[in-house]
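Residue-level structure breakdown
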Amino acid sequence: MSSSYGDINVSGGIGLDSESAPFNLELARRNSMIERQGMKLPRYLKTGTTICGVVYANGVVLGADTRSTNGDTVADKNCEKIHYIAPNIYCCGAGTAADTEATTNMVASALNMHRYGTNGRTSRVITALTMLKSHLFKYQGNVSAALVLGGFDINGPHLFTVYPHGSSDSLPYATMGSGSLAAMSIFEAGYKENMTKEEAMKLVADAIKSGVFNDLGSGSNVDLCIITKEGKEYLRNYECPNPRPYASQSFSFAKGTTPVLRSTMLTLKDVVVEEGADAMEVGA
Amino acid sequence: MPHAVSTGTTIVAVEYAGGVVIGADSRVSTGTYISNRASDKITPLSDNAFLLRSGSAADTQLVSDYVRHMVHQHESQLQRPIDVPTVANLVMQIGYNNKNALSAAAMLVAGYDAATRQGHVYAVPIGGTMVRQKYAIDGSGSIFIYGYCDSEYKDDMTREEAESFVAEAIALAMSTDGSSGGVVRLVTVNEDGIFRRLHAGDKSVPRFGEEKDVHKDLTDKANAMQT
């Protein structure tokens, strides 16, 4: 049954046959069955999202909105969806917030360890991609993370999309999440080869805003992350097209707001009463 | 769970007098959305062999990643380029040993062995089948071109004949199959190396029969009316 090829076990290789599978997906199957029968399962915090990225003349620009939802409710108006992977690699996440966070964290740690073992050589985007997609493939789409991965390494700028089932595409411009159609329409209309940094930033910000304004699942602000040979520039809340219509009530009051009617000063000695301690009882 | 990404596809591979010509459309879809309109389904497995992918993108990418890894090991061990039948055999082995885990995906392996001066085309669907063929077609669009291919295929075509056979077959499938489209990608592998070609846009994608004639008739009529 199991044939081997050098160090690779061909039959156990992808870890999905029942004998050598490291994970049991039976419960996922059971849950989807009882959901089909009408039971309401608990809802996860989702990032109904617009995320995207473009490659330009000498780098990559990533973008994301900042809305996080729980069903129809906005759970967080200003969350961060551009995750750190390595100093030269960042990753936008859409799908279940916990899954995108856990998956990107795991790969970030693995690459950090890998750099310790390789004299601190700069991580490659393809390594991050392979780690992400093999993790997602292993869970057969049950880890719901849809990602836009971007970075700059020895081979230049890179941009990839990764789907929850573990497939990936290499593209000059990419969008993901519920607002991906709105964002893609902006890219298809405005993308040019070899754009300047400013042109690329504007295009990405416009694509995210298209999602923010036209997609229910996306909203609030625009985050950008520019990665070049020189390093990264993380522009948190690069644009805030949805300011609060009224100022939030401040809970700190100026001194003297409340009139002082009477004041008494006590020294500590007057308050604390010293008492002799009882001797401890010893024996029966 | 969301729709799995699938390469609803047309793929064609043909052996000719001096090598092989392989081709694919470029459409990748998630449900009704085209998630990549210019993808490359012709994945290199070694310096001389390619995998044509159709079906689940995740499954076929995994298979090609594993086979590429094993080809590297094999070539390091033997210190010579791998044979195309061996590459096809590795794809078959993974497909056979994981037949329960991988969803139905049809893959074609094609390449040219410089040592034996021989082109090879293999159909390798998941499950463990591996059949050498003179030409092979697969993917959702292939059902529309069985007739075309059966009537147009000839043994020992020239390179030019083989390239236009493949390009026209794919263009024909793209015009009828909703899940195939975009551009036509062609790869020719022979003694002189690997040659990539691309048919993009209305002008260079071949058109066929009625569609072509109706279009010409209409433009002729329009021109006549203007003058």
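Along each chain, residues carry numbers from 1 onward, in the same order as the chain's sequence is written. Lettering for chains starts from A, numbering for ligands starts from 1, and both go in the order in which the items are written. It should be noted that, the model being predicted, local features are given only for residues of pLDDT at least 70 and side-chain atom pairs only at 80 or more, the latter also being counted only at that level, while totals for whole chains, interfaces and linings use all residues. Water and hydrogen atoms play no part in the side-chain values, which are based on all heavy atoms of the structure.

Digging into the sheet that holds strand E11 (residues 131-132) of chain B
As a general point, the strands of a sheet are linked pairwise by backbone hydrogen bonds and lie either parallel or antiparallel. Residues and elements named next belong to chain B. Strands qualify as paired when DSSP identifies two bridges or more between them. Counting from the N terminus, the helices are the DSSP runs of H or I reaching at least four residues and the strands are the DSSP runs of E reaching at least two. If you trace the five strands from one edge of the open sheet to the other, you get E6-E7-E9-E10-E11, paired in antiparallel fashion. Either end of the sheet is taken by a strand with one partner, and the two such strands are strand E6 (42-44) and E11. Across the sheet, helix H1 (residues 57-78) is in contact with E6, strand E7 (49-53) and strand E9 (106-113); its angle to E7 comes to roughly 165°. Whether two residues are in contact is decided by their heavy atoms: any pair within 4.5 Å suffices. What counts as an axis is a line fitted to C-alpha atoms, over the stretch in contact for a helix, and the angles between N-to-C directions run from 0 to 180 degrees. Sheet contacts for helix H2 (residues 84-97): E7, E9 and strand E10 (118-125); angle to E9, the most-contacted strand, approximately 160°.

Considerations on the side chain of B:Asp177
All names here are of chain B. With respect to the helices and strands, Asp177 occurs in the loop between helix H4 (159-176) and strand E13 (184-190). Per-residue accessibility, obtained with a 1.4 Å probe over protein chains only, is compared with the maximum for each type, and a residue is labelled buried under 20%, exposed over 50%, and partly exposed between these values. For this count, His and the chain ends are skipped, Lys and Arg are scored as positive, and Asp and Glu as negative. The term salt bridge refers to a side-chain nitrogen of Lys or Arg lying within 4 Å of a carboxyl oxygen of Asp or Glu. Despite its burial, Asp177 pairs with no opposite charge, the nearest such side chain being Arg27 at 7.7 Å. Any pair of N or O atoms that falls within 3.5 Å is considered a polar contact. Within protein, one atom must be able to donate a hydrogen and the other to accept it, and sequence-neighbouring residues count only if both atoms are side-chain atoms. In this structure the side chain of Asp177 is engaged in a polar contact, spanning 3.3 Å, whose partner is the backbone nitrogen of Ser179. Setting aside residues up to four positions removed in sequence, Asp177 forms contacts with Thr9, Thr10, Ser140, Gly141 and Phe144.

Regarding the nonpolar core
Residues and elements named next belong to chain B. Counting 25 residues, the largest nonpolar core has Val63, Val67, Val87, Val91 and Val109 as its most contacted members. Top contributing element to this core by residue count: H2, with seven residues. Not counting residues within four places of it along the chain, the set of residues in contact with Val63 comprises Val91, Ile94, Leu102 and Met107. Grouping buried Ala, Val, Leu, Ile, Met, Phe, Trp, Tyr and Cys residues that are joined through side-chain atoms within 4.5 Å yields what is termed a nonpolar core. The next biggest cluster of nonpolar side chains, apart from the first, holds 24 residues, and it includes Ile137, Ile145, Phe165 and Leu172.

A short note on the domain arrangement of chain A
With domains assigned, chain A is organised as domain 1 (2-36) and domain 2 (51-239). For domain 1 of chain A versus domain 2 of chain A, the separation of C-alpha centres amounts to 29 Å. Annotation comment: domain bounds sourced from an automatic or database domain assignment.

Thoughts on the sheet that holds strand E2 (residues 11-16) of chain B
Residue and element names in this part refer to chain B. Read from one edge to the other, the open sheet built from five strands follows the order E12-E2-E3-E13-E14, with strand pairing classed as antiparallel. This sheet does not close on itself; its edge strands, each paired only once, are strand E12 (135-138) and strand E14 (193-199). On average, each strand axis in the sheet is inclined to that of its neighbour by 10°, with strand direction left out of account. Bridge count for E2 against E12 is four bridges, and the pairing is antiparallel. Looking at E12, one finds that Val12 is bridged to Ile137. On top of the sheet, H4 reaches E2, strand E3 (19-24), E12, E13 and E14; it is set at about 155° to E13, its chief contact.

Observations concerning the packing of aromatic side chains
All names here are of chain A. To pair, rings of Phe, Tyr and Trp, with the six-membered ring standing in for Trp, must have centres within 6.5 Å; the planes then decide the type, stacked if under 30 degrees apart, edge-to-face if over 60, and tilted in the middle. The final tally for this structure, using the stated rule, is eight aromatic pairs over all chains. On the numbers, 5.8 Å between centres and 65° between planes, the contact of Tyr173 with Phe187 is edge-to-face. Within this pair, whereas Tyr173 is found in strand E13 (residues 173-176), its partner Phe187 is found in helix H4 (residues 180-190), the two being separated by 14 residues in sequence. Classification of Tyr173 by relative accessible area gives buried; the value is 12%. Relative accessible area serves as the criterion here: at 0%, Phe187 is assigned to the buried category.

Brief notes about the packing of H1(B) against H2(B)
All names here are of chain B. One way to put it is that H1 packs onto H2 with a least axis distance of 10 Å and a crossing angle of 135°. Here H1 is positioned oblique relative to H2, judged by the angle of their axes. Between H1 and H2 lies a crossing whose hand is right-handed. Contact residues: Val63, Tyr66, Val67, Met70, Val71 and His74 in H1; Thr86, Val87, Leu90, Val91 and Ile94 in H2. Here the angle decides the label: under 35 degrees means roughly parallel, over 145 means roughly antiparallel, 65 to 115 means roughly perpendicular, and every other value means oblique. Here a crossing is called left-handed whenever its near helix is offset anticlockwise from the far helix by less than a right angle, and right-handed whenever the offset is clockwise.

A word on the UniProt feature "active site" (unreviewed entry) in chain B
Residues and elements named next belong to chain B. Here, the residues flagged by UniProt with the feature "active site" (unreviewed entry) are Thr9. Here Thr9 lies in the loop between strand E1 (6-7) and E2. You can call Thr9 buried: its relative accessible area is 0%. Every residue in contact with Thr9, bar those within four places of it in the chain, is listed here: Asp25, Lys41, Arg53, Ser54, Asp138, Gly139, Ser140, Gly141, Ser142, Asp177, Ser179 and Ser180. Among the polar contacts made by the side chain of Thr9, one reaches the side chain of Lys41 at a distance of 3.2 Å. UniProt positions are given in the numbering used here, feature names are shortened, and annotations may be inferred rather than shown by experiment.

Concerning the UniProt feature "active site" (unreviewed entry) in chain A
Residue and element names in this part refer to chain A. Under the present numbering, the feature "active site" (unreviewed entry) in UniProt falls on Thr49. Relative to the elements of secondary structure, Thr49 occurs in the loop between strand E3 (46-47) and strand E4 (51-56). Taking relative accessible area as the criterion, Thr49 reaches 0% and is therefore assigned buried. Excluding residues within four positions of it along the chain, Thr49 makes contact with Asp65, Lys81, Gly93, Ala94, Met176, Gly177, Ser178, Gly179, Asp215, Gly217 and Ser218. A polar side-chain atom of Thr49 sits 3.0 Å from a polar atom in the side chain of Lys81.

Considering the layout of surface pockets
One number sums up the size of the second largest pocket: a volume of about 580 Å³. If you go around the second largest pocket, you meet 24 residues; those closest to its centre are A:Lys133, A:Ser168, B:Thr43, B:Gln61 and B:Arg68. Breaking the lining of the second largest pocket down by element, the ones donating at least two residues are helix H3 (125-138) and strand E12 (168-170) of chain A together with E6 and H1 of chain B. Split by residue class, the lining of the second largest pocket holds seven nonpolar, 10 polar and seven charged. Buried and open spaces are told apart on a 1 Å grid over the protein atoms alone, a cavity being a set of points where a 1.4 Å probe fits but cannot get out and a pocket being an open set with protein on both sides within 12 Å along at least five of seven lines. Residues with an atom within 4 Å of a point are the lining residues. Grid points are joined across faces, edges and corners, and a volume is the space filled by probe spheres set on the points. Think of it as three bins: nonpolar holds Ala, Val, Leu, Ile, Met, Phe, Trp, Tyr, Cys and Pro, charged holds Asp, Glu, Lys and Arg, and polar takes everything else, Gly as well.

A word on the environment of A:Asp65
All names here are of chain A. Summarising the element assignment, Asp65 is placed in the loop between strand E5 (59-64) and strand E6 (68-70). When residues no more than four places from it in sequence are discounted, the contact partners of Asp65 are Gly48, Thr49, Thr50, Cys79, Lys81, Ile208, Val212, Gly217, Ser218, Gly219 and Asn221. At a separation of 3.1 Å, a polar atom in the side chain of Asp65 contacts the main-chain amide nitrogen of Gly219.

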